[in-house]
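# A closer look at the structure
Listed here are the chains, written in short residue letters.
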Amino acid sequence: NAFLGLNYQSWAALSVFLQHLRYNDLSEMHLEASKMQDFDLYFKDGRKIICEAKARKAAFSESALKGLFNDLKKKKVVLLTNDEFLVITTKASDDLRRMLKRVRDYPVSYAKHAVENTSFCEEEVELLQKVRIYEIGQEDSAKIAFALASELIGSWLDSSVLQQVVKSILVDKVFHGSAKG
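Positions within a chain are numbered from 1, following the residues in the order the chain's sequence is written. It should be noted that, the model being predicted, local features are given only for residues of pLDDT at least 70 and side-chain atom pairs only at 80 or more, the latter also being counted only at that level, while totals for whole chains, interfaces and linings use all residues. For side-chain calculations, the full set of non-hydrogen atoms in the structure is used, while hydrogens and water are omitted.

## Digging into the overall build of the chain
Only DSSP runs of H or I covering at least 4 residues are called helices, and only runs of E covering at least 2 are called strands; the numbering of each starts at the N terminus. Within the chain one finds seven helices and five strands. The secondary structure elements of the chain, listed N-terminal to C-terminal, are α-β-β-β-α-β-α-α-α-β-α-α. The 181 residues of the chain split such that 43% are buried. Of the contacts made within the chain by residues no fewer than 6 positions apart, 63% connect residues no fewer than 24 positions apart. Residue-level accessible areas treat just the shown protein chains as cover; the underlying method is Shrake-Rupley with a 1.4 Å probe. Per element, the accessible surface of the chain, about 10,000 Å² overall, is 51% carbon and sulfur. Each residue is assigned to one of three classes by its accessible area relative to the maximum for its type, calculated with a 1.4 Å probe on protein chains only: buried under 20%, partly exposed between the two thresholds, exposed over 50%. Between two residues, a contact is recorded if the distance between any of their heavy atoms is within 4.5 Å.

## Focus on helix H6 (residues 138-153)
In a helix, the anticipated span is given by 1.5 Å times the number of residues less one. With 16 residues, H6 extends 22 Å from end C-alpha to end C-alpha; this agrees with the ideal 22 Å at 1.5 Å per step. Every buried residue of H6 is listed here: Ser-141, Ala-142, Ala-145, Phe-146, Leu-148 and Ala-149.

## Some remarks on the sheet that holds strand E4 (residues 84-89)
Picture the strands of a sheet paired through backbone hydrogen bonds; they go either parallel or antiparallel. Strand order in the open sheet formed by five strands is E1-E2-E3-E4-E5, and the pairing between neighbours is mixed. In the strand order of this sheet, the two ends are held by strand E1 (26-31) and strand E5 (131-135), each with one partner. Direction aside, the axes of adjacent strands within the sheet are offset by 20° on average. Pairing between strand E3 (residues 48-54) and E4: six bridges, direction parallel. Bridging from a neighbouring strand, Ala-53 pairs with Ile-88 of E4. By this definition, two strands are paired if DSSP reports at least two bridges between them. Working convention: axes come from line fits to C-alpha atoms, limited for helices to the stretch in contact. Angles between N-to-C directions cover 0 to 180 degrees.

## Some details on the pattern of salt bridges
Each reported salt bridge corresponds to a side-chain nitrogen of Lys or Arg within 4 Å of a carboxyl oxygen of Asp or Glu. Tallied over the full model, the rule gives 12 salt bridges. With a shortest N-O distance of 2.7 Å, Asp-25 and Arg-47 are connected by a salt bridge. Of the two residues, Asp-25 sits in the loop between helix H1 (2-21) and E1 while Arg-47 sits in the loop between strand E2 (39-43) and E3, which places them 22 residues apart along the sequence. Take Asp-25: its relative accessible area is 27%, and that puts it in the partly exposed class. Residue Asp-105 is joined to Lys-101 by a salt bridge in which the shortest nitrogen-to-oxygen separation is 2.6 Å. Within this pair, Asp-105 and its partner Lys-101 are both found in helix H3 (residues 94-105), separated by four residues, close to a single helical turn.

## Describing the packing of aromatic side chains
Note on ring pairs: Phe, Tyr and Trp rings are taken, using the six-membered ring of Trp, and paired if centres are within 6.5 Å. Classes follow the plane angle, with under 30 degrees stacked, over 60 edge-to-face and the rest tilted. Using the criterion set out here, one finds two aromatic pairs in the structure. A ring pair is formed by Phe-69 and Phe-85, whose centres lie 6.2 Å apart and whose planes are at 75°; its orientation type is edge-to-face. Separated by 16 residues along the polypeptide, Phe-69 in helix H2 (residues 62-74) and Phe-85 in strand E4 bring together distant segments of the chain. When sorted by exposure, Phe-69 lands in the same class as Phe-85, which is buried.

Note that every value here comes from positions in space, so none of it alone points to a role or purpose.
Structural data, given as structure tokens:
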């Protein structure tokens, strides 16, 4: 269902944005930018985190990640040394998590062997080393967003008022921002 996916993506974007807003280095967030993925965070030091949110019944797999890589190639997106690619999903496959751990934990020369029996090629090892998987359900993303919004506001608000504020941000900024691109 496309609406469920958009709803998941919106809560994930708000949650991740608020997590990074606590630090002084966040510069801006782009929603559905033409050359990027679902949303992207840009930092004052020039680095970026490209974010893709995927709510799925089946676990997010190597083939799903390969599809995202293909999208990046088509859009000619380049990740620099300090950039990251964050996949927010309800569940990642065990095979994907194991492969990413092997690729991240070893030098590039050895990590190339970790992709031998996968759909990835040696040239994608450096990109694979930039991938982080964040497994979280929509309900937990919403709870995190409410908690962080309360912390960032810096004063106590009644829970109904806090919910109105967060949902207003979600609808006005995230939903509408995603629709505009």
